[in-house]
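Tertiary structure, described
The chain contents come next:
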Amino acid sequence: MTSPSRPAHKRLPRRNRRKTSAIRSVTVFGGVVLLLFLVLFPFYWMVTASIKNFREISIERTLVPREVTFKNYVDLFEQTSILWHLFNTAWISCFVTFVTIILASMSAYVLTRFLTPTAEWIARISLYAYMVPSIVLIIPFYIGLRMAGLVNTHAGLILSYLSFTLPLGIWMMRACFQTIPKTMEEAAVVDGANRFEAFFLIAMPQALPGVVSTAIFVFILCWGEYLYPVVLINSDRLRTITITLDALTGGGQNIKFGLLMAASTVATVPILLIFLVLQKHLVRGFAAGGYE
Amino acid sequence: MVQVVFNSVGKDFGRDAVLRDIEFEVPAGRFVALIGPSGCGKSTLLRMIAGLEHIDYGEIYIDGKAVNDLAPKDRDVAMVFQNYALYPHMTVAENMLFTLRMARRTRAESNDRMWEAARILGLESLLDRYPRHLSGGQRQRVAMGRAIVRNPKVFLFDEPLSNLDAKLRVQMRAEIKRLHQRLGTTMIFVTHDQVEAMTMAEQVVILREGRVEQVGTPLELYDRPTNIFVAGFIGSPTMNLIGGTFEQDRGRLCFVPRNGTPIPVPPGTLPGASKVGPGRECFLGIRPEHISLPGLDPNSDGGGSFGEISAEVVLVEVTGLDTHIVASAPDGEITILIRGRFDTAAGDRLSFRLNFSAAHVFDAETGERLD
């Protein structure tokens, strides 16, 4: 098929067209550079500040560290329980991600394969549930968890995380299952599989790119969650990394920039590693699911 | 071998009835084609046999056992889907072994069966490939391999050739037919292509709007269609249907086409004509190959079963083997099929001979065959 071309009398002269195209390329390139700068500069500053001494950070404010020091990291590991808090964050994030993937995939599967007339409504309600700001829910949640004896426990934190990861997971996995043809599961059922086998052996492997992108989103959400841990957790041993970072700001009075940047770098590394390892699947998930 | 019986089978989608009172038998070991236009319910019926759709009314029996309440895996049927439905994350071998894995067969037995199926279908060299690396024809063969590997009671094919190009379709048609001759298993094949149904099936079931119109061998359907729908659906080019009435003219029975001059009906032909009262509207059905040109058809000269009409050529189509002439008749256009080549052009006025002994009469009101 040929694309409809502009009528001859409306076409620009060849030289003008070349000029327009060059301007467009320069504009796009400039935009990309600006965007990259906006995204990467804070990272650069965070990492370089973590290896500068106090003088370079607060007084000289050098862009490139003149003297590299790991004192901030040494102090961080000696003075705070950051490793323990990292471990708390990691296991809670992993657990919530795992539970979300299992429950959200099964729910999304049911919403795309059965319950067709009501599925759209249920899916929308789950999205609306995700859109409700945490700050609105925090007090009812606190009251409910206190009645259940789950305040200041990881179980309470996990339940509160699931309240926003599950709706997001269902919405994303639903978009993923909608792209997978139903006939393959039907073929599996005729081939002798039961519904669970058709789901786990046929549908889930095909939904893998969607599972990976949903898992990464959920994991990042849990990793960076601040409001629920700050309200629900009050013992140092149960804290997550976001509370550690908050503590290092010293309530805005006595900010230890070196420690704070070292802690931020430590908190970012796991997410970056996960992203790097799984980015192939993530891109495939975006392409397949068409997630908004 | 296994017989499949449909007893007053029906199905509703919401308030719409998609299948009504389906009653026919698929004799054991037969190759049966379900055919009909889009939306007639043929695929739904096949899915009901497989257990993928609920049977709302009536019963389906496989090998004498009602399967209404049986899960698909307990019906012992294998199905080949229109889009092949191969598992993309499994190799060809894994696709074929999946059903045996579900049936908890031993590894040795599964491998033996898989190799046997691969040998029958010529898939030995493709076993470690993924479906995305296969051509359309190869995927089709893998889908069939997945079906035959479990040695089911009944094979179901849901328009398996519709995604293939014309050449490959002819090749696969022959392959499926050979497979049936080799295995002898009951096969039910859904298609909307009447050529596929006529060339492959031993028995054809024609469906329209959820009802069975006719069941019979391909030639029964071709030679004695029970109504106008079947007459028009089976055969390519389609049967000519000329509207008109039967009248007595000077003691002779004549067919009077709408807006046309009477054509005398030779005695002893068109038994259905006697059932049509004078002035009652009907359709004369005549296949394109039963209209000839005087002098061209050696059988047409001496016989007394021909009527003659004059018509102007509108279009000539040459296939190489045959010549199709479309001519303007009194009531619309008629198609004439001449075996071999014939030199004519649009605008020529020709005299055509209608072989009344091979023609049919249909009631204009009910569409039913009269004889």
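Residues numbered from 1 in each chain as written. Chains lettered and ligands numbered in written order. Predicted model: local features only at pLDDT ≥ 70, side-chain atom pairs only at ≥ 80, totals over all residues. Heavy atoms only, no water.

Turning next to the interface of chain A and chain B. Taken together, the contact between chain A and chain B spans 15 residues of the former and 23 residues of the latter. Both sides of the chain A and chain B interface together cover about 1,600 Å² of buried area, and 64% of this is carbon and sulfur. Here chain A is connected to chain B by 3 salt bridges. With a closest N to O distance of 3.1 Å, R104 of chain B and E197 of chain A form a salt bridge. At the junction of chain A with chain B, the criterion picks out 8 residue pairs in polar contact (both at pLDDT 80 or more). Secondary structure elements with two or more residues in the side of chain A that touches chain B: α8 (183-190) and α9 (195-206) of chain A. Top element by residues in the side of chain A that touches chain B is α8 of chain A. It accounts for 7 residues. Each residue belonging to the side of chain A that touches chain B can be placed in one class, and the counts come to 9 nonpolar, 3 polar and 3 charged. (Contact = heavy atoms within 4.5 Å. Buried area = accessible area lost by both parts, 1.4 Å probe. Salt bridge = Lys/Arg side-chain N within 4 Å of Asp/Glu carboxyl O. Polar contact = N/O pair within 3.5 Å; in protein donor to acceptor, adjacent residues only side chain to side chain. Helix = DSSP H or I, 4+ residues; strand = E, 2+ residues; numbered from the N terminus. Nonpolar A, V, L, I, M, F, W, Y, C, P; charged D, E, K, R; others polar.)

Turning to the layout of surface pockets, a few remarks are in order. Estimated volume of the largest pocket: approximately 370 Å³. Along the walls of the largest pocket sit 20 residues, with V189 and R195 of chain A together with G51, L52 and P72 of chain B positioned nearest its centre. Here the lining of the largest pocket takes 3 residues from α8 of chain A, the largest share from any one element. Residues belonging to the lining of the largest pocket are distributed by class as follows: 7 nonpolar, 4 polar and 9 charged. (1 Å grid on protein atoms, 1.4 Å probe; cavity = no way out; pocket = protein on both sides within 12 Å on 5 of 7 lines; lining within 4 Å. Points joined across faces, edges and corners; volume = space filled by probe spheres on them.)

Here the focus is the packing of helix α4 (residues 82-113) of chain A against helix α10 (residues 208-223) of chain A. Each pair of packed helices gets described by two things: the angle between the helix axes and the distance between those axes. All names here are of chain A. Where α4 meets α10, the axes come as close as 9 Å, and the angle between the chain directions of the two elements is 140 degrees. On the basis of their axis angle, the class for α4 and α10 is oblique. Two packed elements cross with a definite hand, and for α4 against α10 that hand is right-handed. Seen from α4, the contacting residues are L86, T89, A90, S93, C94, V96, T97, T100 and I101; seen from α10, they are V211, T214, A215, V218, F219, C222 and W223. (Axes fitted to C-alpha atoms, helices over the stretch in contact; angles between N-to-C directions. Parallel < 35°, antiparallel > 145°, perpendicular 65-115°, else oblique. Left-handed = near helix turned anticlockwise from the far one by under 90°.)

Take the side chain of D363 of chain B next. Inspection of the secondary structure puts D363 of chain B in strand β20 (residues 360-363). Leave out the neighbours within four places in its chain, and D363 of chain B touches I228, R280, E368 and L370 of chain B.

As a further point, take the pattern of salt bridges. Tallied over the full model, the rule gives 28 salt bridges over all chains. Ionic pairing is found between D12 of chain B and R20 of chain B, a salt bridge with its closest N-O pair at 3.0 Å. For R20 of chain B, a relative accessible area of 25% corresponds to the partly exposed category. Across the pair D74 of chain B and K73 of chain B runs a salt bridge whose closest N-O atoms are separated by 4.0 Å. You can call D74 of chain B partly exposed: its relative accessible area is 43%. What makes K73 of chain B partly exposed here is its relative accessible area of 38%. Three or more residues are tied together by salt bridges with common partners; here these are E186 of chain A together with K11, R47, E53 and D56 of chain B. (Buried < 20%, exposed > 50% of the residue type's maximum accessible area, 1.4 Å probe, protein only.)

By the definition in use, this model includes 0 disulfides over all chains. C282 of chain B takes part in no disulfide bond, and the closest cysteine sulfur to it belongs to C254 of chain B, at a distance of 13 Å. (Disulfide = S-S within 2.5 Å.)

Turning to the nonpolar core, a few remarks are in order. Membership of the largest hydrophobic core comes to 46 residues, with the highest contact counts inside it found for M96, M144, F157, I176, I206 and I234 of chain B. No other element matches helix α4 (residues 136-148) of chain B, which puts 5 residues into this core. (Core = buried A, V, L, I, M, F, W, Y, C linked by side-chain atoms within 4.5 Å.)

Let us look at the sheet that holds strand β1 (residues 4-13) of chain B. All names here are of chain B. Spatially, the 4 strands line up as an open sheet ordered β2-β1-β4-β5, and their pairing is antiparallel. A single partner strand is all that each edge strand has here, and the edge strands are β2 (16-26) and β5 (65-66). Bridging between strand β4 (residues 57-62) and β5 involves 2 bridges; their strand directions are antiparallel. Its bridge partner being in β5, Y61 is matched across the sheet by A66. Across the sheet, helix α1 (residues 42-50) touches β1, β2 and β4, and the angle it forms with β1 is around 115 degrees. (Pairing = 2+ DSSP bridges.)

One pass over the structure, following the stated rule, counts 22 aromatic pairs over all chains. When the centroid spacing of 5.3 Å and the interplanar angle of 25 degrees are considered together, the rings of F37 of chain A and F41 of chain A count as stacked. Remark: F41 of chain A and F37 of chain A occur in helix α1 (residues 14-50); sequence separation between them is 4 residues, near one turn of the helix. For F37 of chain A, a relative accessible area of 49% corresponds to the partly exposed category. Accessibility expressed as a relative area gives 29% for F41 of chain A, which makes it partly exposed. Considering the side-chain rings of F229 of chain B and F233 of chain B, the 5.5 Å spacing of their centres and the 25 degrees angle between planes classify their relative orientation as stacked. (Phe/Tyr/Trp six-rings, centres within 6.5 Å; stacked < 30°, edge-to-face > 60°.)

Note that an α-helix has 3.6 residues per turn; residues three or four places apart therefore point the same way. Taking 1.5 Å of rise per residue, 32 residues should cover 46 Å, and α4 of chain A covers 45 Å from first to last C-alpha, within 8% of that figure. Downstream of α4 of chain A by a residue or two, L115 of chain A has a phi angle that is positive, lying close to 45 degrees. (Expected span 1.5 Å × (residues − 1).)

Okay, the domain arrangement of chain B next. All names here are of chain B. Domain annotation for chain B reports domain 1 (2-233) and domain 2 (240-363). In this structure, domain 1 and domain 2 have C-alpha centres spaced 39 Å apart. Facing 8 residues of domain 1, the contacting portion of domain 2 comprises 7 residues. Taken over both partners, the interface formed by domain 1 and domain 2 buries close to 630 Å², and the fraction arising from carbon and sulfur atoms is 62%. Ranking the residues of domain 1 by area buried against domain 2 places Y222, I228 and A231 at the top, with a combined share of 73%. Between domain 1 and domain 2 we count 0 salt bridges in total. At the boundary of domain 1 and domain 2, one finds 2 residue pairs in polar contact (both at pLDDT 80 or more). Mapped by element, the contributors of at least two residues to the side of domain 1 that touches domain 2 are α7 (218-223) and α8 (228-233). Tallying contributions element by element places α7 first for the side of domain 1 that touches domain 2, with 3 residues. A breakdown of the residues in the side of domain 1 that touches domain 2 according to their chemical character gives 5 nonpolar, 2 polar and 1 charged. (Domains from an automatic or database assignment.)

Turning our eyes to something else, we now look at α8 of chain A. Taken across its 8 residues, α8 of chain A has 8 buried, putting it largely inside the fold. Taken residue by residue, α8 of chain A has T183, M184, E185, E186, A187, A188, V189 and V190 of chain A as its buried positions. Those residues of α8 of chain A that are buried are in contact with α4 and α9 of chain A together with α1, β6 (77-80), α2 (92-102) and α4 of chain B. Just past α8 of chain A, the residue G192 of chain A takes up positive phi, approximately 110 degrees.

Turning our eyes to something else, we now look at empty space enclosed by the protein. Residues and elements named next belong to chain B. As enumerated under the stated definition, the model contains 1 cavity of 30 Å³ or more in all. Within this model, the largest cavity holds a volume of roughly 30 Å³. Forming the walls of the largest cavity are I242, P257, I263, I309, A329, P330 and L354. When its residues are assigned to classes, the lining of the largest cavity shows 7 nonpolar, no polar and no charged.

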